[in-house]
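# Understanding the architecture of this molecule
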Amino acid sequence: MTTETRSKAPTVWSNIANYLKLVSESRIATIGLAMVLFWIIVGLTSFVWTPQDPNASLGIPNRGIQDGFMLGTDRIGRDNLSRTMAGTQVILMKTRIPELSVGAYLLGIAGISAIVLGLVALPWASDKRTRQKGFIGLIIAAVLIPIANIIANSTGLNDIIIPKFAIPVGVAIWGVAGSLTLGSTLGLIAGYRGGTWDQVIMQILDALIAFPRIVLYLVVITALGQGDLVMIFAIAVTGAPGVARLARSQALEIKSRDYIRAAETRGESIWYIMFREILPNAIGPLLVDAMLRVGYAVFTIGTLGFLGRGLPPPEPDWGNMINLARPSFGQAPLSVLVPAFAIVTLVVGLNLFADGLNEEITRYQK
Amino acid sequence: MSNNTNDTAVLKCENLAIAYKVRGGEIEAVQNVSFEIHKGETYGIVGESGCGKSTAAWAVVNFLGSNGYVKRGNIWFQGQDLVNKDGEELRKLRGNNIAMVYQDPMQALNPSMVIGDQMREVLTVHQEISEEEATQRCIDMLEKVYMPDAANVLKRYPHQISGGQQQRVVIATALLINPALLIMDEPTTALDVTVEAAVLDLIDELRREFDTAIMYITHNLGVVARVCDKVGVMYAGEMVERGTVKDIFKNPQHPYTQGLIRAVPKLGANKEGSILYPIPGRVPAPNARPSGCMFAPRCDYVTERCRTEHPELRRVGTDNVDVRCHLTEEIDAAAWVPGDNIDVPDLTKRNLDTEPIMVLDKLQKYYDVKGSSILDALGFGKKRHVKAVEGATFSVPKGSTLGIVGESGSGKSTLIKTIIGLEQATGGEATFLNFDVTTDLAERDPGLIQELQMVFQNPDSTMNPSYTVGQQIGRPMERFGTVPKDEVRGEVMKLLKQMRLGENYFDRLPRQLSGGEKQRVGIARALASRPDVVLCDEPVSALDVSVQAAILNLLLNVQAEHKTTMLFIAHDLSVVRFFSDNIAVMYLGEIMEIGPSESIYAPPYHPYTEALLSAVPVPDPSAIQKHIRLEGDIPSAIDPPSGCRFHTRCPRKAMLPNNGKICEEQIPPWQEGADGHKIFCHIPIEELATFDPVISAPNSGVAV
Ligand SMILES: Nc1ncnc2c1ncn2[C@@H]1O[C@H](COP(=O)(O)OP(=O)(O)OP(=O)(O)O)[C@@H](O)[C@H]1O
Ligand code: SF4
Ligand code: SF4
Ligand SMILES: [Mg+2]
């Protein structure tokens, strides 16, 4: 109690420390966190060391436990343990950018800028005071891609090729970050602004939710081809409506508080109110939800891999491993069970962590 | 063991201590509480929030939750020990004989069940009776609590009746089992004064008729004075004084009781008599209680002995009063003067500018209502409106305070929301320093926005939980550029100091503040842009009386210093009395009476003002207050009554010819009295002036 008088302004670090304290108070969250950390460590280790080369056929195909192959080999003699370890990489650790032309980069950057600009301009556009500014922003966002396309085609940019490379953090995480940005902006506008904006935004998102998820993924992947970036896009788009719903319900509740009235009577912009006044108080549930979503994404990537529509080779993909080992399950069950175990423990770990944290937060608020 | 049980006591608590188990230990919420309640007696338990009043009640009905338990002492109910009994027997004993009524009636009612079913269930669970008989008994009981159209109410859902009626249903349900003991925990706190008055009358009557023992928990001393026979004052988990209401109000002996009485709004005959004196400091948390007298840190008379030796409850003098204080005999309450740590407002009449800073002319705000029929959905339905504010006309002199008073739903909040631009006016004119203020905020100039700021009602939602005090007070300064960026911190510190908050509050988060402190920050934030006008929407109604007084005095001093103009909403007339230069009384969207504050509290009264005044609970059992009760509920603001909007409930209408036919047909005239006092009524002002004053107290028999 006495420490209260000496408390400092909250910083990012003290917030994180707070959350960690909460986690440590919940057994479920601690177990979940341990499971997730286990896979993060395994993934990091796999960059520098695996028992065998994950992509080389070094052993006798479809064998069980043997010397040098602790968890057996798959149908072409690769080490299950090494492949499962390396499978963590594409999901959590790195995203592979393929070989692309400068023109394609230009288009990509224009696309991302259009989305970001659109997300920034949309709140302005829904605000009476700044409507004009917002609509101008939306128009600019809409013409960015065609302009980039013209530039790329009319110059030689399409011929200059940049070799492939990887960026940090895996597909599942980028994808969920995408749905979080997209979904929470739309949800905050719908919830805070209400009226027509709410109806239009939520109608569109509800239509999206009505589609079976896996069909949505397959449509996107079939249209754009397999690849890490496409998977991120698919995860972001399919996840956004759910995030938006949650953000909207949070905004609806928070907007009735008096401190929002106070901000309004200071003439704050809608952007300030949404992101500085409402979002910090809605972020807890959104982050917990995001953690669950990373779990879903891992699961979905696995399912898609199983359907042969997952992440491209050469890096191993758990779902794909299961799919390929399926015909010889009777001979070499470990080739199916080991990656399946990996998916299950990572997903369950994320779920436990999110649930435990959520429970602890709600109890803390009471 | 039962030889010390008094047979006539329905409830007797002896040295009761109740503890809650919490993480890392336990909290003793209640200690050393002893009292007894007899048949047909109403026993009041008063004290600030956090003093353990509700905990004591929950212990009796065993609602302490999974982590609470009676740690020491006894609870005797009709001679049977409740603490050492368990299981079914206990449940039965309590279920058949003890009933409880809470603050929020909706807590006791099931929203998805019609009222009839809920009430009948109480009877059919406990005894074998037929459906018809049960229905008849429910109707009888509802009629006893003056529920209009009782048979019909049984068929409705809880949300289809008003808050006051819901509370009556709860009370009627509680009485159905004819309990020996009725526990009421702030049963009228959520209600309007006018409804509260009716419910209090009811409680008084029921006690006489049914001979029930009532344990009545409240923070409002006025209510205690009206309904209780005896009272126990609780402070920090202990009972510090107990006795008959008459004795305690006449001669409060414990410094805490004295402080409470000085802090409650009164409706005395003069303005000085209505000054409020706060009790400095706040109730200590259960785990931070001092070792000697609990009240020592806040007491004006504290001595060394108080800090070390815990006082016992002891009989004092010849009155039947027990007090927990070492020095009772030496304390002379009449000689009390406010200490240096209390702001006392300066009541010398200020010379007000006559030049108005804000002028409203027939300002009107209608809300559209969405119908539910298909036609409405298609947009062909008849357009309907909630007529929330109609024809508001007044001007506010620069630097003055206008108090706005009225029942819930009378349009007070809507009026100031429209002025500040949270809502757009639908008609009429309003100007502030020659700016038009009928538009909403999106169309206002930043310069104008800066000049009008607002203080809100609910301390728990007035501050953003994610930012520190300093950040929140500093934000308006940054936004409007009132001070250069590098001086913001210093300026915030200055404001904090004015709010009597130390510099160490700068980095605190809202959850580390008490309700009163949050309100202070809210006020500082409103003042940060140096506005000309501050609009206050019930800024003290959610606070304890002792804190309430401090905030009101603070606002007054701020006003004196900054020459701020204020519009101040309150729901009853006792709060705004010494505070306002002018007062407007609103009913159903219209102003009924407006004028200098003195003129509102003395005849001529508008009939509605008269009714409001006679409903305010006065913390003085010897005061004689006119008994006027309004019938029925506030009508719907969608179809307000024709002519005078008050005519459906006006107790004075009958004075006019034809039982006041004119009131139903014609809009009343504005009649002018002295000093700009105006009354909106058909009864000639000369006749209104002949009414007796509402409160003819041998003023404040209270020795403070
Ligand atoms: N946004 C809204 N839409 C429709 N009707 C509303 C709205 N806000 C208020 N009203 C209605 O307007 C009328 C006046 O309400 P208002 O809140 O101004 O009353 P009040 O005097 O402030 O009451 P209280 O003492 O309960 O705060 C009521 O009938 C209320 O139901
Ligand atoms: S015991 Fe001392 S500190 Fe306590 S109330 Fe009496 S005088 Fe004040
Ligand atoms: S005009 Fe008639 S109904 Fe209205 S307050 Fe006066 S007497 Fe009552
Ligand atoms: Mg209000």
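Residues numbered from 1 in each chain as written. Chains lettered and ligands numbered in written order. Predicted model: local features only at pLDDT ≥ 70, side-chain atom pairs only at ≥ 80, totals over all residues. Heavy atoms only, no water.

### A closer look at the overall build of chain A
This is how it is decided: Only DSSP runs of H or I covering at least 4 residues are called helices, and only runs of E covering at least 2 are called strands; the numbering of each starts at the N terminus. Partly exposed describes any residue whose relative accessible area lies between the buried limit of under 20% and the exposed limit of over 50%, with all areas from a 1.4 Å probe on protein chains only and scaled to the type maximum. Contacts between residues were defined by any pair of non-hydrogen atoms, one from each residue, lying within 4.5 Å. All accessible areas in this document rest on Shrake-Rupley with a 1.4 Å probe, and a residue is counted as covered only by the protein chains that are shown. In this tally, Lys and Arg are treated as positive and Asp and Glu as negative; His is ignored, and so are the chain termini. Charged side chains are reduced to one point each, which is NZ for Lys, CZ for Arg, CG for Asp and CD for Glu.
Within chain A, the regular secondary structure consists of 13 helices and four strands. Projecting the C-alpha coordinates of chain A onto the three principal axes gives extents of approximately 75 × 65 × 40 Å. Scored against the burial criterion, the 366 residues of chain A give a buried share of 48%. Within chain A, contacts between residues at least 6 apart in sequence are counted, and of these 73% link residues at least 24 apart. With an accessible surface of roughly 17,900 Å², chain A has 68% of that area assigned to carbon and sulfur atoms. Each charge class in chain A was averaged separately, 29 positive and 23 negative side chains, and the resulting centres sit 4 Å apart.

### Concerning the packing of helix H17 (residues 469-480) of chain B against helix H19 (residues 515-527) of chain B
All names here are of chain B. Our working rule: The axes used here are C-alpha line fits, helices contributing only the stretch in contact, and every angle between their N-to-C directions lies in the interval 0 to 180 degrees. For classification purposes, an angle smaller than 35 degrees is called roughly parallel, one larger than 145 roughly antiparallel, one from 65 to 115 roughly perpendicular, and anything else oblique. Handedness of each helix crossing follows the sense of rotation of the near helix against the far helix: counterclockwise by less than a right angle gives left-handed, clockwise gives right-handed. Asp, Glu, Lys and Arg are counted as charged, while Ala, Val, Leu, Ile, Met, Phe, Trp, Tyr, Cys and Pro are counted as nonpolar; the rest, among them Gly, fall into the polar class.
Packing of H17 against H19 brings their axes to within 7 Å, and their N-to-C directions diverge by 25°. The angle between H17 and H19 falls in the class roughly parallel. When the axes of H17 and H19 are compared, the crossing they make is right-handed. Between H17 and H19, the residues in contact are Val-469, Gln-472, Ile-473 and Pro-476 and Val-521, Ala-524 and Arg-525, respectively. Along the lines of polarity and charge, the residues of the contact of H17 with H19 split into five nonpolar, one polar and one charged.

### Considering empty space enclosed by the protein
Residues and elements named next belong to chain B. Rules: Space inside and on the surface of the protein is sampled on a 1 Å grid over the protein atoms alone, with a cavity defined as a set of points where a 1.4 Å probe fits but cannot get out and a pocket as an open set with protein on both sides within 12 Å along at least 5 of 7 lines; lining residues have an atom within 4 Å of a point. Grid points are joined across faces, edges and corners, and a volume is the space filled by probe spheres set on the points.
The final tally for this structure, using the stated rule, is eight cavities of 30 Å³ or more. Estimates place the volume of the largest cavity at around 110 Å³. Along its surface, the largest cavity is lined by 13 residues, and Gly-259, Arg-262, Ile-279, Pro-280 and Asp-300 are the ones closest to its centre. Here the residues of the lining of the largest cavity are counted per class, giving nine nonpolar, one polar and three charged.

### Thoughts on a nonpolar patch on the surface
As a reminder, the rule being used: Patches here are clusters of residues that have more than 30% relative accessible area and form no salt bridge, with a 9 Å joining cutoff for like charges and a 5 Å cutoff for nonpolar side chains (Val, Leu, Ile, Met, Phe, Trp, Tyr). What makes a salt bridge here is a side-chain nitrogen of Lys or Arg within 4 Å of a carboxyl oxygen of Asp or Glu, nothing more.
Together, A:Leu37, A:Ile40, A:Ile41, A:Leu44, A:Phe47, A:Val48 and A:Trp49 give the surface a local cluster of nonpolar side chains, amounting to about 720 Å² of exposed area. Tracing the backbone through its elements, the reader meets A:Phe47 in helix H2 (residues 27-48).

### Quick word on the pairing of strand S20 (residues 565-570) of chain B
Residue and element names in this part refer to chain B. As a reminder, the rule being used: By definition, two strands form a pair when at least two bridges between them are found by DSSP.
Most of S20 sits inside the fold, with six of its six residues counted as buried. Covered by surrounding structure in S20 are Thr-565, Leu-567 and Ile-569 together with Met-566, Phe-568 and Ala-570, the residues of both alternating faces. With five bridges joining them, strand S15 (residues 401-406) and S20 adopt parallel strand pairing. In the strand pairing of S20, Gly-403 is matched with Phe-568.

### What to know about the layout of surface pockets
Residue and element names in this part refer to chain A. Estimates place the volume of the second largest pocket at around 1,400 Å³. What lines the second largest pocket is a set of 40 residues, among which Gly-108, Ile-112, Leu-229, Ile-232 and Phe-233 lie closest to the centre. Going through the elements one at a time, strand S1 (94-97), helix H4 (102-125), strand S4 (165-168), helix H6 (171-193) and helix H9 (228-254) are the ones with two or more residues in the lining of the second largest pocket. Examining the composition of the lining of the second largest pocket, we find that ten residues originate from one element, H4, more than from any other. Its residues assigned to classes, the lining of the second largest pocket comprises 28 nonpolar, seven polar and five charged.

### Structural notes on the packing of aromatic side chains
The condition that has to hold: Note on aromatic pairs: the rings of Phe, Tyr and Trp (six-membered ring only in Trp) are paired at centre separations within 6.5 Å, and the planes decide the class, stacked below 30 degrees, edge-to-face beyond 60, tilted for the rest.
Scanning the model with the defined rule gives 13 aromatic pairs over all chains in all. Arranged with centres 5.1 Å apart and planes meeting at 75°, the rings of A:Phe38 and A:Trp39 form a pair that is edge-to-face. Judged by its relative accessible area of 48%, A:Phe38 is partly exposed. An angle of 25° between the planes, with centres 5.2 Å apart, marks the rings of B:Phe35 and B:Tyr43 as stacked.

### As for the pairing of strand S16 (residues 427-432) of chain B
All names here are of chain B. Relative to S16, strand S13 (residues 356-369) runs antiparallel, the two being bridged by five bridges. Bridge pairing in S16 places Asp-361 opposite Glu-429. Across two bridges, S16 lies against strand S17 (residues 435-436) in antiparallel orientation. Following the sheet pairing, Thr-431 is matched in S17 by Asp-436. The hairpin formed by S16 and S17 contains two residues between the paired strands, and Leu-433 there has a positive phi angle of roughly 50°.

### What about helix H7 (residues 163-176) of chain B?
All names here are of chain B. Stated precisely, the cut-off is as follows: Multiplying one less than the number of residues by 1.5 Å gives the expected span of a helix.
For H7, built from 14 residues, the straight-helix expectation of 20 Å at 1.5 Å per residue is met to within 8% by its first-to-last C-alpha distance of 20 Å. Of all 14 residues in H7, 13 are buried; the element is thus mostly enclosed. A positive backbone phi angle near 50° is found at Asn-178, which sits one or two residues after H7.

### Looking at the sheet that holds strand S2 (residues 25-38) of chain B
Residues and elements named next belong to chain B. As summarised here, the arrangement of the four strands in space is S2-S1-S4-S5, forming an open sheet in which the pairing is antiparallel. In this open sheet, the two edge strands, each paired with only one partner strand, are S2 and strand S5 (80-81). Here strand S1 (residues 9-22) pairs with S2 via ten bridges, running antiparallel. By the bridge assignment for S2, Tyr-20 is matched with Ile-27. Contacts from helix H1 (residues 53-61) reach S1, S2 and strand S4 (68-77) within the one sheet, and its direction differs from that of S1 by about 110°.

### A closer look at the nonpolar core
Just so we agree on the cut-off: Residue types Ala, Val, Leu, Ile, Met, Phe, Trp, Tyr and Cys, when buried and joined through side-chain atoms within 4.5 Å, form a set referred to as a nonpolar core.
If you look at the biggest cluster of nonpolar residues, it comprises 180 residues, and the most contacted ones within it are B:Phe35, B:Leu142, B:Met215 and B:Ile473. Per-element accounting of this core gives the leading share, nine residues, to helix H8 (residues 193-210) of chain B. Those residues in contact with B:Phe35 that lie beyond four places of it in its chain are B:Leu11, B:Lys12, B:Cys13, B:Tyr43, B:Ile45, B:Met215, B:Met239 and B:Arg242. A:Val42, A:Val220, A:Val298 and A:Leu350 belong to the second largest nonpolar core, which has 47 residues in total.

### Brief notes about the confidence of the model for chain B
Residue and element names in this part refer to chain B. Quick note on the threshold: A residue's pLDDT is the predictor's confidence in that residue, given on a scale from 0 to 100.
Averaged over every residue, the pLDDT of chain B is 86; the share at 70 or more is 94%. Low confidence marks residues 1-6, where pLDDT is under 50. Its contacts with residues over four positions away, or in another chain, come to twelve contacts. This stretch, residues 699-704, has a pLDDT under 50; its non-local contacts, to residues over four places away or in other chains, come to 19 contacts. Overall fold confidence (pTM) sits at 0.85, and the ipTM for the predicted complex is 0.86.

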